[in-house]
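Residues per chain are reported as follows:
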Amino acid sequence: MVNVIGLGYIGLPTALMLASHGVQVVGTDYNTKLVQTLQAGQTTFSEAGLEALFASALEAGIRFSGEYQSTDVYIVSVPTPYDRDSKKIDPCYVIAAVKQILSVCAEDAVIVIESTVSPGTMDRFVRPLCQGKKVHLVHAPERIIPGNMLYELEHNSRTIGADDPQVGQQVKELYSSFCKGEIVVTDIKTAEMTKVIENTYRAVNIAFANELAKLCHYEGMNVDEIIRICNMHPRVNILSPGPGVGGHCIPVDPWFLVGDYPEHTPLIAKAMTINEEMPDFIYSRICSIMEEHGISDFSKVGLYGLTYKEDVDDVRESPTLQLLQRHPMPFAVYDPMLTETIADNQYTDFTNFLQDTHLVVVMVAHSHLRSVSEAMKDKIIFDTRRALKGMDTYRI
Ligand SMILES: NC(=O)c1ccc[n+]([C@@H]2O[C@H](COP(=O)([O-])OP(=O)(O)OC[C@H]3O[C@@H](n4cnc5c(N)ncnc54)[C@H](O)[C@@H]3O)[C@@H](O)[C@H]2O)c1
């Protein structure tokens, strides 16, 4: 039996996927309300295909519990934030989970840490906890992207880092129950480093596009057209600029490297700062557009989208929330993916939101926009995501 610890955006789909492919699974989370919701047969966040997968896992016998189970395989997917001052990983959730596992696990149990961790975390923080009990440590970082999680769980390649190649092979077989991608078995530190580097690569490339957006704006040039032409070069592939970077991965994980290796990571540190400053750049653009149109009342400016990316309900580190935090003006806000209110002046009805605003700032390219773009025709629009094709809008 596999006990999946932490049933959030990563742990829940992983547990469901394993169960629906014939593995006996118990999902454990210390959030009692979340466990009760799952026990009542309801999913806890929205994701394409999750309901159907949930139903199939229930049929296969998955159970949910607040208790750690006594078994021989654990998969840990708890949060791994960073310390805002030191930039180093804060491993407290992983440490707490492993301590609880050690208090109930069988001798020779395999403890797979799926949470993203900085290189050396397993050696520095996890291994010392295990002294005195024979367990096998594995790091199997997750690569899936919210919005396309279930497809990617099945089709992405994976990395398994293990001390003992045989244990690595055993864990590979477990993931092979649902994963059709290539599974590489390596050592733990290599697995730790690759995962963080993958997200750092994304962060640095996004920062490059964001810097170009600022440069082109200064020069009065169209950054999208410049990137389009540059990308016709066979060895150039510039990403699109945006209003900032959110989620639990790209704005977080690269800081681990800066925290641990400050003297070796000036490029990464600068890239992270460039991305973090994008909501401020967007704010200054909003102010200029307001001035141009004689708008002085911020409540007439509507921010469309509170989540960190399109078509998900995850708001962690979202550029809109960063903007609101740093520039607390009475903006109107609306997000079609959210049912609960998380910001001041948040509308639940799009028509009312549109009626009350003169300038709409598209912060997230939810699919919902496609069905309402016609109704937005009379508005001044600042489209930071290039979501409204063929419409006359301000661009980043
Ligand atoms: N969200 C993503 O897109 C994504 C993608 C790849 C990797 N990751 C990594 O996966 C890990 C988990 O991220 P997430 O987005 O699923 O986080 P999350 O916050 O959605 O879920 C974590 C869950 O763990 C539970 N939890 C925390 N400590 C616990 C403990 N000691 N015992 C039992 N339950 C505990 C929380 O209640 C929560 O439900 C992180 O390391 C993250 O970096 C996330």
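The following refers to the structure shown. Residue positions are counted from 1 within each chain, in the order its sequence is given. Given that this is a predicted model, residues contribute local features only at a pLDDT of at least 70 and side-chain atom pairs are listed and counted only at 80 or more, while totals for whole chains, interfaces and linings are drawn from all residues. In computing side-chain properties, one takes all heavy atoms of the structure into account and sets aside hydrogens as well as water.

**Describing the pattern of salt bridges**
Test applied: A carboxyl oxygen of Asp or Glu within 4 Å of a side-chain nitrogen of Lys or Arg is what we treat as a salt bridge. Only DSSP runs of H or I covering at least 4 residues are called helices, and only runs of E covering at least 2 are called strands; the numbering of each starts at the N terminus. Each residue gets one of three labels from its accessible area relative to the maximum for its type: buried under 20%, exposed over 50%, partly exposed in between, using a 1.4 Å probe on protein chains only.
Scanning the model with the defined rule gives 17 salt bridges in all. The closest approach of N and O atoms between Arg 84 and Glu 317, which form a salt bridge, is 3.0 Å. Of the two residues, Arg 84 sits in the loop between β4 (73-76) and α4 (92-104) while Glu 317 sits in the loop between β9 (301-304) and α12 (319-326), which places them 233 residues apart along the sequence. Among the residues examined, Glu 317 registers a relative accessible area of 28% and is labelled partly exposed. The shortest N-O distance in the salt bridge between Lys 214 and Glu 277 comes to 3.9 Å. With Lys 214 in helix α8 (residues 188-218) and Glu 277 in helix α11 (residues 266-292), the pair connects residues that are 63 residues apart, well separated along the chain. Look at Glu 277 and you get partly exposed, because its relative accessible area is 36%.

**Quick word on the site of the ligand**
This is how the line gets drawn: Working definition: residue near molecule or strand if any one of its non-hydrogen atoms lies within 4 Å of it. Residues adjacent in sequence count toward polar contacts only when both atoms are side-chain atoms; beyond that, a polar contact is any pair of N or O atoms within 3.5 Å, and within protein one must be able to donate a hydrogen and the other to accept it. Note that accessible areas follow from Shrake-Rupley with a 1.4 Å probe, and for residues the cover is restricted to the protein chains shown. Note on residue classes: Ala, Val, Leu, Ile, Met, Phe, Trp, Tyr, Cys and Pro are nonpolar, Asp, Glu, Lys and Arg are charged, and everything else, Gly too, is polar. Here the limits of each domain have been adopted from an automatic or database domain assignment.
Not every one of the 26 residues close to the ligand is listed here, only the nearest: Ile 10, Asp 29, Tyr 68, Thr 80 and Arg 316. In the model, an oxygen atom of the ligand is placed 2.9 Å from a nitrogen or oxygen of the Ile 10 main chain. Here Thr 116 contributes a backbone N or O atom positioned 3.0 Å from an oxygen atom of the ligand. Relative to its unbound accessible surface of 840 Å², the ligand loses 92% to contact with the protein. When its residues are assigned to classes, the shell around the ligand shows 14 nonpolar, eight polar and four charged. If you count residues domain by domain, the shell around the ligand takes at least three from each of domain 1 (2-186) and domain 2 (197-395).

**Topic: the sheet that holds strand β13 (residues 380-383)**
This is how the line gets drawn: At least two bridges found by DSSP between two strands is the condition for calling them paired. Note on contacts: a residue pair is in contact if any heavy atoms of the two residues lie within 4.5 Å. Axis lines are fitted through C-alpha atoms, for helices just across the contact stretch, and the angle between N-to-C directions can take any value from 0 to 180 degrees.
The parallel open sheet is built from six strands, whose spatial order is β11-β10-β9-β12-β13-β14. Because the sheet does not close on itself, it has two edges, and the strands there are β11 (346-347) and β14 (394-395). Packed onto the sheet, α11 meets β9, β12 (359-362), β13 and β14 and runs at close to 160 degrees relative to β13.

**Focus: the packing of helix α1 (residues 11-20) against helix α3 (residues 50-59)**
Angle between the axes and distance between the axes: these two values describe a pair of packed helices. The condition is simple: Note that the term roughly parallel is reserved for angles under 35 degrees, roughly antiparallel for angles over 145, roughly perpendicular for angles of 65 to 115, and oblique for everything else. Each crossing gets its hand from how the near helix is turned against the far one by less than a right angle, where anticlockwise is left-handed and clockwise is right-handed.
Direction vectors running N to C along α1 and α3 enclose 50 degrees, while the axes themselves pass 8 Å from each other. Comparing the axis directions of α1 and α3 gives the class oblique. Every pair of crossing elements has a handedness; the one defined by α1 and α3 is left-handed. Contacts from Leu 12, Pro 13, Leu 16, Met 17, Ala 19 and Ser 20 in α1 reach Leu 50, Leu 53, Phe 54, Ser 56 and Ala 57 in α3. Among the residues forming the contact of α1 with α3, the class breakdown is nine nonpolar, two polar and no charged.

**Focus on the pairing of strand β7 (residues 158-162)**
Put simply, the rule is: Whether a crossover is right-handed comes down to one check: with the strands pointing away from the viewer, does the path from the first strand over the helix to the second run clockwise; if it does, it is right-handed.
Of all five residues making up β7, five are buried, and the element is well covered by its neighbours. Neither face of β7 is left uncovered, since the one carrying Arg 158, Ile 160 and Ala 162 and the one carrying Thr 159 and Gly 161 both have all their residues buried. Relative to strand β8 (residues 183-186), β7 runs parallel, the two being bridged by four bridges. When the sheet's bridge partners are listed, Arg 158 is paired in β8 with Ile 183. With helix α7 (residues 165-176) bridging β7 and the parallel β8, this β-α-β connection has right-handed handedness.

**A few points about helix α2 (residues 32-39)**
Filter applied, for reference: Directions pointing from the helix axis toward each C-beta atom define the arc.
Among all positions of α2, only Leu 34, Val 35 and Leu 38 are buried. Seen along its axis, α2 keeps its buried residues to an arc of 100 degrees; they face one direction. Residues of α2 that are exposed and angled more than 90 degrees away from the buried face: Lys 33 and Gln 39. Residues of α2 that are buried sit in contact with α1, α3 and β3 (63-65). For α2, the N-terminal cap is Asn 31; the gap from its side-chain oxygen to the backbone nitrogen of Lys 33 is 3.1 Å.

**Concerning the sheet that holds strand β6 (residues 135-139)**
Sheet architecture is open: eight strands sit in the order β3-β2-β1-β4-β5-β6-β7-β8, paired in mixed fashion. Pairing within the sheet leaves two strands with one partner each, and these edge strands are β3 and β8. Taking the axes of each pair of neighbouring strands and ignoring which way they run, one obtains an average angle of 25 degrees across the sheet. One ladder, built from four bridges, connects β4 with strand β5 (residues 109-113); its direction is parallel. Bridged to Ile 75 within β5 is Val 112.

**Quick word on the packing of α11 against α12**
Two elements in contact, α11 and α12, have axes whose closest approach is 9 Å; the angle formed by their N-to-C orientations is 70 degrees. As summarised for this structure, α11 and α12 are arranged roughly perpendicular, according to the angle between their axes. Considering the relative orientation of α11 and α12, their crossing is right-handed. Facing Glu 276, Glu 277, Pro 279, Asp 280, Ile 282, Tyr 283 and Ile 286 of α11, the residues of α12 in contact are Pro 319, Gln 322, Leu 323 and Arg 326. The residue inventory of the contact of α11 with α12, partitioned by class, reads six nonpolar, one polar and four charged.

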